[in-house]
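Here are the chains, one letter per residue:
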Amino acid sequence: GDSVTQMEGPVTLSEEAFLTINCTYTATGYPSLFWYVQYPGEGLQLLLKATKADDKGSNKGFEATYRKETTSFHLEKGSVQVSDSAVYFCALYNAGNNRKLIWGLGTSLAVNP
Amino acid sequence: EAQVTQNPRYLITVTGKKLTVTCSQNMNHEYMSWYRQDPGLGLRQIYYSMNVEVTDKGDVPEGYKVSRKEKRNFPLILESPSPNQTSLYFCASSLSDAPRGTGELFFGEGSRLTVL
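The text that follows walks through the structure, step by step, so that each part is easy to find. Just so it is clear, the model here is predicted, and its values are computed rather than measured.

## Notes on the interface of chain B and chain A
Turning to step 1, where the next piece is worked out: Counting residues at the interface gives 24 residues for chain B and 20 residues for chain A.
Turning to step 2, where the next piece is worked out: Taking both partners together, chain B and chain A bury about 1800 Å²; carbon and sulfur atoms supply 51% of that area.
Turning to step 3, where the next piece is worked out: The tally of links from chain B across to chain A stands at 0 salt bridges.
Turning to step 4, where the next piece is worked out: Our count for the contact surface shared by chain B and chain A stands at 2 residue pairs in polar contact (both at pLDDT 80 or more).
Turning to step 5, where the next piece is worked out: Those elements that place two or more of their residues in the side of chain B that touches chain A are strand E4 (31–38), strand E5 (42–51) and strand E9 (87–94) of chain B.
Turning to step 6, where the next piece is worked out: Among the elements that make up the side of chain B that touches chain A, the one with the highest residue count is E5(B) (5 residues).
Turning to step 7, where the next piece is worked out: The class makeup of the residues in the side of chain B that touches chain A is 11 nonpolar, 7 polar and 6 charged.

Below, the structure is given as structure tokens:
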């Protein structure tokens, strides 16, 4: 069945460092891909999405490109801030999979000043 | 303000004592869902509902019940809680079957449940 694999955390960076969180997927057909973020003590919220191959999602300085050839949707940010400390979840939606989101396990990011 | 509201946010209870976690959304969303979040296991779907009076099991429905009598409310019921149901629970909603409608699931702030 469909699955999402994220790099394990925790990831610890200094402020202004470059961030990459890897996400790869296995799916039939043409899924939509998402990154959600969970700040401490809060629920998840959508960070960005891409619905077809080669689409680039972007928000708050974060970007991710839907790469069908490598089945990847890596999250990147050029310069992280302390306020980016959170858990990041990659997710996949495939209409053929009983119409539900398939989630990665989450990657915890801590940014130090 | 558009939001998903869960109550209680924190609860400590004992084995076997029935409890209900309420969830309400003010966005007129058709789709609602319950998840539990556990360390190392990520998010797992418990139940979901495509619309009023339509509910379906997710990946881990055992020990839980839900109902959808009104569009805005989707309570999660633990008839006889056990310690393995100690977890962080999230309710989420979307305009249509998530996430194709708007591409976005809206989450509540979570309910941390401890069963002793």
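Moving on, there is more to tell.
## Observations concerning the environment of B:Leu95
Residue and element names in this part refer to chain B.
Turning to step 1, where the next piece is worked out: With respect to the helices and strands, the residue Leu95 is situated in the loop between E9 and strand E10 (106–107).
Turning to step 2, where the next piece is worked out: What makes Leu95 partly exposed here is its relative accessible area of 37%.
Turning to step 3, where the next piece is worked out: When the C-alpha positions of Leu95 and Val52 are compared, they lie 13 Å apart, and in sequence the two are 43 residues distant.

## With respect to the sheet that holds strand E1 (residues 4–7) of chain B
All names here are of chain B.
Turning to step 1, where the next piece is worked out: Taken in spatial order, the 4 strands line up as E1-E3-E8-E7 in an open sheet, and their pairing is antiparallel. The sheet is open, and its two edges are formed by E1 and strand E7 (65–66), each paired on a single side.
Turning to step 2, where the next piece is worked out: Judged from the 2 bridges that link them, E7 and strand E8 (residues 76–78) form a sheet pairing that is antiparallel. Each bridged residue has a counterpart across the sheet, and for Val66 the counterpart in E8 is Leu76.

## Some details on the nonpolar core
Residue and element names in this part refer to chain A.
Turning to step 1, where the next piece is worked out: One finds Leu19, Trp35, Leu47, Leu48, Phe73, Leu75 and Tyr88 to be the most contacted residues of the largest nonpolar core, which totals 27 residues.
Turning to step 2, where the next piece is worked out: Those elements giving two or more residues to this core turn out to be strand E2 (11–14), strand E3 (19–21), strand E4 (23–26), strand E5 (32–38), strand E6 (44–50), strand E8 (62–65), strand E10 (86–93) and strand E12 (107–112).
Turning to step 3, where the next piece is worked out: The leading source of residues in this core is E10, at 4 residues.
Turning to step 4, where the next piece is worked out: Sequence-distant contacts of Leu47, defined by excluding residues within four places in its chain, comprise Trp35, Tyr36, Val37, Asn59, Lys60, Phe62, Leu75 and Tyr88.

Basis of the calculations
- Residues numbered from 1 in each chain as written.
- Chains lettered and ligands numbered in written order.
- Predicted model: local features only at pLDDT ≥ 70, side-chain atom pairs only at ≥ 80, totals over all residues.
- Heavy atoms only, no water.
- Contact = heavy atoms within 4.5 Å.
- Buried area = accessible area lost by both parts, 1.4 Å probe.
- Salt bridge = Lys/Arg side-chain N within 4 Å of Asp/Glu carboxyl O.
- Polar contact = N/O pair within 3.5 Å; in protein donor to acceptor, adjacent residues only side chain to side chain.
- Helix = DSSP H or I, 4+ residues; strand = E, 2+ residues; numbered from the N terminus.
- Nonpolar A, V, L, I, M, F, W, Y, C, P; charged D, E, K, R; others polar.
- Buried < 20%, exposed > 50% of the residue type's maximum accessible area, 1.4 Å probe, protein only.
- Pairing = 2+ DSSP bridges.
- Core = buried A, V, L, I, M, F, W, Y, C linked by side-chain atoms within 4.5 Å.

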